[in-house]
Amino acid sequence: MQIRKAVFPVGGLGTRFLPATKALPKEMLPIVDKPLIQYAVEEARAAGIEEFIFVTGRGKTAIEDHFDHSYELEDLLSSRDKDQALAQIRDSVPPAGQVAYTRQQEPLGLGHAVWCARNLIGDEPFAVLLADDLILGEDPCLRQMVEAAGETGGNVVAVMDVPREHTGRYGVLDVGADDGRLAEVRGLVEKPDPAEAPSTLSVIGRYILVPEVFDYLSQMERGAGGEIQLTDAMAKLIGDHPFYGLRFTGTRFDCGDKLGFLKATVAFGLARDDLQEGLGAFLEDLVAGR
Ligand code: UTP
C-alpha cells in the first residue's frame, strides 16, 4: 500500500502552553534548534510521503514562512560562507507544488481539522501527524506504520501503553487479537475514565486512515469536550475495514504539555553529538546540587 499524502493539523490554540503560544504557533516551538513541525515533516518524508497538507488557522503564518525560501537569509549565509547552515535551511523547504495549506476557520476539534483536508486527500489512504507528539528513535514512527499498513491494509494507528490513571488524556483501544506488535482494534473510546477504559493501550498522534473516514467526519457529531473527535469517526470504521494499533519502537514525548516538552528538550539534546557532553555534565551537576 502506498501512502502519498500526509495531513498536519496545526489549527489548535495551544492553550496549555500560554503565554508562549499567544503569537507563536505551538508547532513552531523548537526542540533544541528545530521547530516541532519540521521534525514531523522530516518523519513524513522519511516514510515516503510526497504531498504535505497543513490545516492551519489564524496566527499560523510562521509555519508557511518556515517551509518557504528566505532569499535574504540565504544570500547572507552564502556571502559569509556558512555552507552548512545554508544547506540546512534549503533542505527544509519541500519541493514546489508538494505543499498545500488550507484553513480550519474555527478550532472545532481534531476530527474537524482532518475533515478540512478532504478535498486535498481525495479517495486514497493517507497519514495524519500531530507535530506536538514527538518521537525519538532510530526508525521513524510513520515509516514503521506504512510498513505495517502494507501488511494489514486499512487503518493503522500508533499506540503505546500508558499508566491507567492517564487514560482520560487519550483515545483508548478495546483490543482483539494481539501478537505483541500489532493489536487488532475491536473498539475505540476517546478519553475514558480510568475505571471504564477497555485497556491502557492508547493512540498517539500518528494515523494511517482510509478515505471513508471523511464520510463519518462529515456528520459533524460532537464528542468528548464538545469537539468533533477523530476517534469517534475512526471507531465507525471498525468492522468495515482492517484496523490495527502498532506498538512502534521509539520514545514519544507530548510536547503540547510543558513537562513533556522539557523532557523532549533534554532527551533530544542528549541524543545530539554536539551537545551530549556539555548537557550531560550540566545535568549531573544539577542533580548533585553542585
Ligand atoms: P490538542 O488537543 O493538543 O489541542 O490538539 P491544542 O488546541 O493544540 O492545544 P491545547 O490543548 O489547547 O493546549 C491536538 C492536535 O490537533 C490539532 C492541534 O493543532 C494539535 O496538533 N487541532 C486541535 C487542530 O488542528 N484543530 C483543532 O480544532 C483542535
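Residues numbered from 1 in each chain as written. Predicted model: local features only at pLDDT ≥ 70, side-chain atom pairs only at ≥ 80, totals over all residues. Heavy atoms only, no water.

The next point concerns empty space enclosed by the protein. All chains considered together, the criterion is met by 1 cavity of 30 Å³ or more. Counted as a void, the largest cavity has a volume near 60 Å³. If you trace the largest cavity, you find it lined by Tyr216, Leu217, Met220, Glu221, Ile228, Gln229, Asp232, Ala233 and Lys236. Looking at the lining of the largest cavity, the elements with two or more residues in it are α8 (213–217) and α9 (230–235). In terms of residue class, the lining of the largest cavity is built from 5 nonpolar, 1 polar and 3 charged. (1 Å grid on protein atoms, 1.4 Å probe; cavity = no way out; pocket = protein on both sides within 12 Å on 5 of 7 lines; lining within 4 Å. Points joined across faces, edges and corners; volume = space filled by probe spheres on them. Helix = DSSP H or I, 4+ residues; strand = E, 2+ residues; numbered from the N terminus. Nonpolar A, V, L, I, M, F, W, Y, C, P; charged D, E, K, R; others polar.)

What follows covers the nonpolar core. Among the nonpolar cores identified, the biggest contains 48 residues, and Phe8, Ile31, Ile37, Leu142 and Ile208 are the most heavily contacted of them. Dropping the residues within four chain positions of it, Phe8 is found in contact with Ile37, Ala40, Val41, Ala44, Phe52, Ile53, Phe54, Val55 and Leu129. By size, the runner-up hydrophobic cluster in this structure holds 31 residues, among which are Val55, Phe126, Ala183 and Leu230. (Core = buried A, V, L, I, M, F, W, Y, C linked by side-chain atoms within 4.5 Å. Buried < 20%, exposed > 50% of the residue type's maximum accessible area, 1.4 Å probe, protein only. Contact = heavy atoms within 4.5 Å.)

All right, on to helix α10 (residues 258–270) then. Quick reminder: α-helices carry 3.6 residues per turn. Residues three or four places apart thus point the same way. The end-to-end C-alpha separation of α10 is 18 Å, in line with the 18 Å expected for 13 residues at 1.5 Å each. Listed in full, the buried residues belonging to α10 are Gly260, Phe261, Ala264, Ala267, Phe268 and Gly269. Its side-chain oxygen at 3.3 Å from the backbone nitrogen of Leu259, Asp257 defines the N-terminal cap of α10. (Expected span 1.5 Å × (residues − 1). Polar contact = N/O pair within 3.5 Å; in protein donor to acceptor, adjacent residues only side chain to side chain.)

Roughly 1400 Å³ of volume is contained in the largest pocket. What lines the largest pocket is a set of 48 residues, and nearest its centre among them are Arg16, Asp132, Arg169, Lys191 and Asp254. At the level of secondary structure, the elements contributing two or more residues to the lining of the largest pocket comprise α5 (110–115), β8 (155–161), β11 (201–209), α9, β13 (251–254) and α10. Residues that form the lining of the largest pocket fall into these classes: 20 nonpolar, 14 polar and 14 charged. Here the second largest pocket defines a volume of roughly 840 Å³. Around the second largest pocket sit 36 residues that line it, and Asp33, Lys34, Gln38, Tyr39 and Glu42 are the ones nearest its centre. At the level of elements, β3 (34–35), α1 (36–46), α2 (61–66), α3 (71–79), α4 (83–91) and β7 (133–136) are the ones that each hand at least two residues to the lining of the second largest pocket. Considering each element in turn, the lining of the second largest pocket owes the most residues, 7 residues, to α1. For the lining of the second largest pocket, the per-class residue count stands at 16 nonpolar, 8 polar and 12 charged.

Around the ligand, 18 residues are found, and the nearest of them are Thr15, Arg16, Lys26, Gln104 and Gly109. In this structure, an oxygen atom belonging to the ligand sits 3.1 Å away from a main-chain N or O atom of Pro9. With respect to the ligand, the backbone of Gly14 contributes an N or O atom lying 3.3 Å from an oxygen atom. Across the complex, the protein chains shield 82% of the 560 Å² of accessible surface that the ligand would expose by itself. Broken down by class, the residue content of the shell around the ligand amounts to 8 nonpolar, 6 polar and 4 charged. (Near = heavy atom within 4 Å. Areas by Shrake-Rupley, 256 points an atom, 1.4 Å probe, with all protein chains shown as cover.)

The next point concerns the side chain of Glu43. One can find Glu43 in helix α1. With relative accessibility at 10%, the residue Glu43 sits in the buried group. Apart from the residues lying within four places of it in its own chain, the contact partners of Glu43 are Leu129, Pro140, Cys141, Leu142 and Arg206.

With that out of the way, let us pick up the environment of Leu279. When you line up the elements, Leu279 lands in helix α11 (residues 276–288). Taking C-alpha positions, Leu279 is 39 Å from Asp179, a pair spaced 100 residues apart along the chain. Ignoring any residue separated from it by four or fewer positions in sequence, one finds Leu279 in contact with Val266, Gly269 and Leu270.

To continue, consider the packing of aromatic side chains. In the structure shown here, the tally under the stated rule is 8 aromatic pairs. Note on Phe54 and Tyr101: the rings are 5.1 Å apart at their centroids and 20° apart in plane angle, and the pair reads as stacked. With Phe54 in strand β4 (residues 51–56) and Tyr101 in strand β5 (residues 99–103), this residue pair connects regions lying 47 residues apart in the sequence. Look at Phe54 and you get buried, because its relative accessible area is 0%. The structure contains a cluster of three or more aromatic residues connected by ring pairs, namely Phe8, Phe52, Phe54, Phe67 and Tyr101. We note Lys34 situated over the ring of Tyr39; from NZ or CZ to the ring centre the distance is 4.6 Å. (Phe/Tyr/Trp six-rings, centres within 6.5 Å; stacked < 30°, edge-to-face > 60°. Lys NZ or Arg CZ within 6 Å of the ring centre and 35° of its normal.)

In short, shape yes, function no, at least from these values alone.
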